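Next come the chains, spelled out residue by residue.
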Amino acid sequence: MTILVTGGAGFIGSNFVLDWLGQSDEPVVNLDKLTYAGNLQNLASLQGDSRHVFVKADIGDYDLILSLLKQHGIRAVVNFAAESHVDRSIHGPEDFIQTNIVGSFRLLEAVRAYWNGLQPAAKDEFHFLHVSTDEVYGSLEKQDPPFAETHQYQPNSPYSASKAASDHLVRAYHHTYGLPVLTTNCSNNYGPYHFPEKLIPLCIQNALTGKPLPIYGDGQQIRDWLYVKDHCSAIRRVLEAGRVGEVYNVGGWNEKANLDVVNTLCAILDELKPRTDGKSYAEQITYVTDRPGHDRRYAIDASKLERELGWRPAETFETGIRKTVQWYLDHQAWVENVVSGDYQSWVEKNYSDRVA
Ligand code: NAD
Ligand code: DAU
């Protein structure tokens, strides 16, 4: 028995692969294109581990994926591979359309061909789990209830629209061809190996290097934060016991305004690594021009997953964020490697036009 993980060199995918092999001996074939967001250093601890087979490839490569599925007798696919950053999708949507829509389609086609050729018992066992996001549901007002699985799709950014398209394809492959799919829609993750283009790792790193902590607009936008290892445990649980064709929302009931998140980071850093001038890192907070089309609030109702599958997050926001700050303090070499090279041109592109 072997599973295929796509995008397993990215933030959540690499945490998933590490957790999977930490708890099970079932091998993982890890297919990743190694875009700017993919990083084999995340998987360095698996070097020499025969349970982990890494393949550098695109999820849109139908022939290669079909042959990998056959060669390894794959019993489940977990699809993390995607372009994932909203701001990048605003600056250049093309890669999002290619990977998140066309790539997901080709991956589904290869999986469908493979699944059709399986013996009845293996066919019954097989699952395709698609990892998606709460952003497909759009934006909530302050008084609205959190997103349930039945919430209307209202994606607002090129990123969320491309993820919504892939969710629809996954749904259609179940409805039309009977492909045994599962979909998870999760809220904002944070934790180890988070690429420092995203709010939490960006602010930790900017704080430590004396740079501004850029708050888009008024900083009162709300996100619902989940520690990445809790997302991984939810995916494992859905793969193990989820009902085929169902969607499960994943979240930890941790709604926070962006400004509160950044102030919390500053307070933890003030304690763990005080600034040499004795001032608070919060002095580096800088309000900058807002993100176009910025969604005001996301919040996940995870009660279906909790009720049906008994899943619960292990971390609160307070425990998870402290672990995360400590991880970044302990892994500065990882960060320095990531922020060299191309990362600098992204920072220039995204922040130079924003008025402070
Ligand atoms: P990430 O950007 O850190 O990693 C994406 C990975 O996919 C990278 O390793 C990249 O090299 C790989 N990849 C990109 N295009 C590819 C292609 N065409 N073929 C093969 N590999 C390719 O993203 P992440 O934050 O780890 O997110 C993983 C998945 O989870 C995404 O599908 C995302 O939409 C979803 N998600 C993310 C969050 C979050 O808060 N980060 C929350 C909910 C859902
Ligand atoms: O909700 C799940 C989604 O969470 C995932 O689907 C995406 O892949 C993931 O990137 C994340 O999207 P967000 O846009 O919410 O994450 P980001 O870290 O980019 O931004 C979090 C919030 O912080 C958002 O309201 C924008 C704001 N922000 C972000 C950056 C990078 C700032 O205020 N300043 C910044 O510099």
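Residues numbered from 1 in each chain as written. Chains lettered and ligands numbered in written order. Predicted model: local features only at pLDDT ≥ 70, side-chain atom pairs only at ≥ 80, totals over all residues. Heavy atoms only, no water.

Named according to an unreviewed UniProt entry, the chain is dTDP-glucose 4,6-dehydratase originating from Methylomonas rapida. In UniProt, the chain has this text filed under Sequence similarities (unreviewed entry): "Belongs to the NAD(P)-dependent epimerase/dehydratase family. dTDP-glucose dehydratase subfamily." The record in UniProt for the chain states the following under Catalytic activity (unreviewed entry): "dTDP-alpha-D-glucose = dTDP-4-dehydro-6-deoxy-alpha-D-glucose + H2O". (UniProt positions renumbered as here; feature names shortened; annotations may be inferred.)

*Asks:* How should the UniProt feature "domain: NAD(P)-binding" (unreviewed entry) in the chain be read in this particular structure?
*Replies:* Mapped onto this numbering, the UniProt entry annotates "domain: NAD(P)-binding" (unreviewed entry) at residues 4-324. Taken as a whole, residues 4-324 contains 41% helix and 17% strand, while its terminal C-alpha atoms sit 28 Å from one another. (Helix = DSSP H or I, 4+ residues; strand = E, 2+ residues; numbered from the N terminus.)

*Asks:* Looking at this model, I keep getting lost on the site of ligand 1. Mind explaining?
*Replies:* Not every one of the 28 residues close to ligand 1 is listed here, only the nearest: Ile 12, Asp 32, Ser 84, Tyr 159 and Lys 163. Taking Phe 80, its main chain carries an N or O atom lying 3.0 Å from an oxygen atom of ligand 1. Between Tyr 159 and ligand 1, the recorded distance is 2.6 Å, taken from a side-chain N or O atom to an oxygen atom. In isolation ligand 1 offers 830 Å² of accessible surface; the protein chains occlude 97% of this area. Among the secondary structure elements, those contributing two or more residues to the shell around ligand 1 are α1 (11-23), β5 (127-133), α6 (158-177) and β7 (188-190). Counting residues per element, the shell around ligand 1 draws most heavily on β5, at three residues. Along the lines of polarity and charge, the residues of the shell around ligand 1 split into 13 nonpolar, 11 polar and four charged. (Near = heavy atom within 4 Å. Polar contact = N/O pair within 3.5 Å; in protein donor to acceptor, adjacent residues only side chain to side chain. Areas by Shrake-Rupley, 256 points an atom, 1.4 Å probe, with all protein chains shown as cover. Nonpolar A, V, L, I, M, F, W, Y, C, P; charged D, E, K, R; others polar.)

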